[in-house]
Amino acid sequence: MDIRQVLLARAIQFFRIGSPGYLPEIAQKIKDRYEFVVSPKNEDLLPPSREAAGQPKGAEFRHGRMKNAEGRAVIIQQLSVFQDGLVADTTTSTEDSDLFLRDLTEWSELEISARVILGRRLYVSHLEFQTAVPLEIYAPSFGSVGNEVTALLHGYGLEAAPYQFSVVTLNIDHIGTVPPQPAPFHLERRANVPFKDNMWFSQAPLKTKDHIKVLYNLEKVP
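Criteria and cut-off values
- Residues numbered from 1 in each chain as written.
- Predicted model: local features only at pLDDT ≥ 70, side-chain atom pairs only at ≥ 80, totals over all residues.
- Heavy atoms only, no water.
- Helix = DSSP H or I, 4+ residues; strand = E, 2+ residues; numbered from the N terminus.
- Expected span 1.5 Å × (residues − 1).
- Buried < 20%, exposed > 50% of the residue type's maximum accessible area, 1.4 Å probe, protein only.
- Arc of directions from axis to C-beta.
- Contact = heavy atoms within 4.5 Å.
- Pairing = 2+ DSSP bridges.
- 1 Å grid on protein atoms, 1.4 Å probe; cavity = no way out; pocket = protein on both sides within 12 Å on 5 of 7 lines; lining within 4 Å.
- Points joined across faces, edges and corners; volume = space filled by probe spheres on them.
- Nonpolar A, V, L, I, M, F, W, Y, C, P; charged D, E, K, R; others polar.
- Polar contact = N/O pair within 3.5 Å; in protein donor to acceptor, adjacent residues only side chain to side chain.

Chemist: How should I be thinking about helix 1 (residues 23-34) in this particular structure?
Modeler: An α-helical turn contains 3.6 residues, so any two residues separated by three or four positions project in the same direction. For helix 1, spanning 12 residues, the distance from its first C-alpha to its last is 17 Å, which sits close to the expected 16 Å at 1.5 Å a residue. Residues of helix 1 that are buried: Ile26, Ala27, Ile30 and Tyr34. Along the long axis of helix 1, the arc covered by the buried residues comes to 100 degrees, so they all point the same way. Looking at the buried positions of helix 1, the neighbouring elements they touch are strand 2 (59-67), strand 3 (73-82) and helix 2 (94-107). Positioned one or two residues after helix 1, Glu35 has a phi angle of 55 degrees, which is positive.

Here you go:
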């Protein structure tokens, strides 16, 4: 298996926020410290009104950077600040995303509940990988269904390519599950790439290193 690239390494940290102070001033300090190219407008910093419906939108900072302990620059693709948490996206690893969130919460003036993090943390990892082992071997029943569908289409006079295994999603039962709810585990053939190249996209609710481990273990399944 060849991990081609990390497409998204997202860390989500939950907390209870106290009195934040003057939000435009705090936002400017965050922008300056991490050199964000884009920062939220003042009106986007205000908490949503009680009448506001739908999914709350966080205050977004885009394309910043920080240095880790070894002096390596970590590019922060996006930081989203919500009333009850922070979302940090990088394309290196969730370890880097966690490192950024740790630096931000230790430095910032958000008065994060006496700086005691609640411990609830979610991850979303997106990887592109190539495998020498066709993943169809894990779903032989679907292979027979694909052959049947292909044969029926040919009977209709259609010259369709063979139907092959291309998507699998593992999810939790959301009914009765208390939020926050982790993302699905998902495998899908990479768009606009020939099936024969065995190039895949994978999403997992895991740290980057654990996501990679799960994929390598999948390839070892007899």
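Chemist: For this particular structure, what's the right way to read the pairing of strand 1 (residues 2-14)?
Modeler: A regular strand carries its side chains on alternate faces of the sheet. For strand 1 and strand 5 (residues 121-130), the ladder comprises 10 bridges, and the chain directions are antiparallel. Paired with Gln13 across the strands is Arg121, a residue of strand 5. Bridge count for strand 1 against strand 4 (residues 85-90) is 6 bridges, and the pairing is antiparallel. Its bridge partner being in strand 4, Arg10 is matched across the sheet by Asp89.

Chemist: Even after reading the chapter, I still don't get the layout of surface pockets, so can you show me in this structure?
Modeler: Over the atoms rolls a probe the size of a water molecule, and in doing so it shows where empty space is left. In this structure, the second largest pocket spans a volume of roughly 220 Å³. Considering the residues around the second largest pocket, the lining is formed by Asn68, Arg72, Ser93, Thr94, Glu95, Asp96, Asp98, Leu99, Arg102, Lys207, Thr208 and Lys209. At the level of secondary structure, the elements contributing two or more residues to the lining of the second largest pocket comprise helix 2 and helix 4 (208-220). Among the elements that take part in the lining of the second largest pocket, helix 2 stands out by supplying 6 residues, more than any other. Of the residues belonging to the lining of the second largest pocket, the class tally is 1 nonpolar, 4 polar and 7 charged.

Chemist: Before we go on, may I ask you to explain the environment of Arg4 in this structure?
Modeler: Along the chain, Arg4 falls in strand 1. Given the relative accessible area of 41%, Arg4 is considered partly exposed. The spacing of Arg4 and Trp200 is 196 residues in sequence and 9.6 Å in space, taken between C-alpha atoms. Arg4 has contacts with Glu128, Phe129, Gln130 and Met199, leaving out every residue within four places of it along the chain. A distance of 2.9 Å separates polar atoms of two side chains, one belonging to Arg4 and the other to Gln130.

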